[in-house]
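The lines below spell out each chain.
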Amino acid sequence: MDLAALEIFRAVVEEGGITRAAERLHRVQSNVTTRIRQLEASLGVELFLRDGKRMVLTPAGQTLFDYARRMLQLADEARHAVLPARPHGRLRIASMESTAASRLPAVLAAYHQAWPDVQLELVTCTTGHALQALARFEVDCAFVAEPVPDSMLARATAFEEELVIIAHAGHAAIRSAADVQTSTLLGFETGCIYRQRLEDWYRASGQTPRRILELGSYHALIACAAAGIGIAIIPRSVLALYRDLPEVSIHSLGDAGKVATLLVWHPSMASAALSALAEAVRRPAAVPAHAA
């Protein structure tokens, strides 16, 4: 009894027959049939009751199936334990738009060069939506702003950001919400942690914005702030992307503007591809020596 025979046996059971098992294993049907009969002969028992095209496990077959699953799982674990897994497959990433625009291009370009067998997929959304997608296992990992309330998530600090307030160019210095000359707050939809920080900053000064104008991009936020429609909170790294930044005034929040971007994931969903990404953001200049 070898592992190849057990793999064929498991495929026949899980696929419900020879035909689908052969398709799954990329073998001809006659080969699968022969290997099953050889396995039965070596054990001296019938593993299936054959009723036309239907194949039903005998009691002996059910017993072997239970053992086969465990043996194949142990073999797979042993294989991964002794051979370093090279990152491969699909890696689905959710990210805040600001991080995707200002931080990830260089990181993902270097990652792709180091690990070309990984298929990267990136979707941008707010931190709240990213965490929801992670909870539904729609993505493998997410770049989100702290704090992350779910203590069960694994995490790595990826980037340090400085959030600043922007307003029209002629706006006086802003040290607290009382200094803001407009009653409109510009921000992304609910679920954006940066917007939440700005709302909390207002409350800390005993103020409440009278109106919140929700916009879908940083281009729109900056343009509306420059036009005097309202104020917005933006990472300084995003402003640095502009060669021709619209005329705005930039106001520091001091320590209140310091925020970390975290890479988070479910520990059970860890993979070689995800571990390589976590290592890349921890040490952005490092490229694995064996990746060449």
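Residues numbered from 1 in each chain as written. Predicted model: local features only at pLDDT ≥ 70, side-chain atom pairs only at ≥ 80, totals over all residues. Heavy atoms only, no water.

1. Focus on the pattern of salt bridges
Reasoning step 1: Considering all chains together, one arrives at 17 salt bridges under this definition.
Reasoning step 2: Two residues, Arg24 and Glu15, come together in a salt bridge whose shortest N-O distance is 3.0 Å.
Reasoning step 3: A relative accessible area of 32% means that Arg24 is categorised as partly exposed.
Reasoning step 4: With its nearest N and O atoms 3.3 Å apart, the salt bridge here joins Lys258 to Asp255. (Salt bridge = Lys/Arg side-chain N within 4 Å of Asp/Glu carboxyl O. Buried < 20%, exposed > 50% of the residue type's maximum accessible area, 1.4 Å probe, protein only.)

2. Some thoughts on the packing of helix 6 (residues 104-114) against helix 11 (residues 272-282)
Reasoning step 1: For the pair helix 6 and helix 11, interaxial distance at closest approach is 10 Å and the crossing angle is 130°. Viewed along their axes, helix 6 and helix 11 adopt a mutual orientation that is oblique. Relative to helix 11, the crossing made by helix 6 is right-handed. Contacts between helix 6 and helix 11 involve Val107, Leu108 and Tyr111 on the former and, on the latter, Ala273, Ala276, Leu277, Ala280 and Val281.
Reasoning step 2: Here the residues of the contact of helix 6 with helix 11 are counted per class, giving eight nonpolar, no polar and no charged. (Axes fitted to C-alpha atoms, helices over the stretch in contact; angles between N-to-C directions. Helix = DSSP H or I, 4+ residues; strand = E, 2+ residues; numbered from the N terminus. Parallel < 35°, antiparallel > 145°, perpendicular 65-115°, else oblique. Left-handed = near helix turned anticlockwise from the far one by under 90°. Contact = heavy atoms within 4.5 Å. Nonpolar A, V, L, I, M, F, W, Y, C, P; charged D, E, K, R; others polar.)

3. Let's talk about the pairing of strand 6 (residues 154-168)
Reasoning step 1: Judged from the eight bridges that link them, strand 6 and strand 11 (residues 258-265) form a sheet pairing that is antiparallel. Across the sheet, the residue bridging to Glu162 is Lys258, located in strand 11.
Reasoning step 2: Two elements, strand 6 and strand 9 (residues 231-235), share four bridges in a ladder whose sense is antiparallel. Considered in strand 9, the bridge of Ile166 is made with Ala232.
Reasoning step 3: Looking at chain direction, strand 6 and strand 10 (residues 248-252) are connected through five bridges and run antiparallel. Within the sheet, the bridge partner assigned to Ile165 lies in strand 10 and is His251. (Pairing = 2+ DSSP bridges.)

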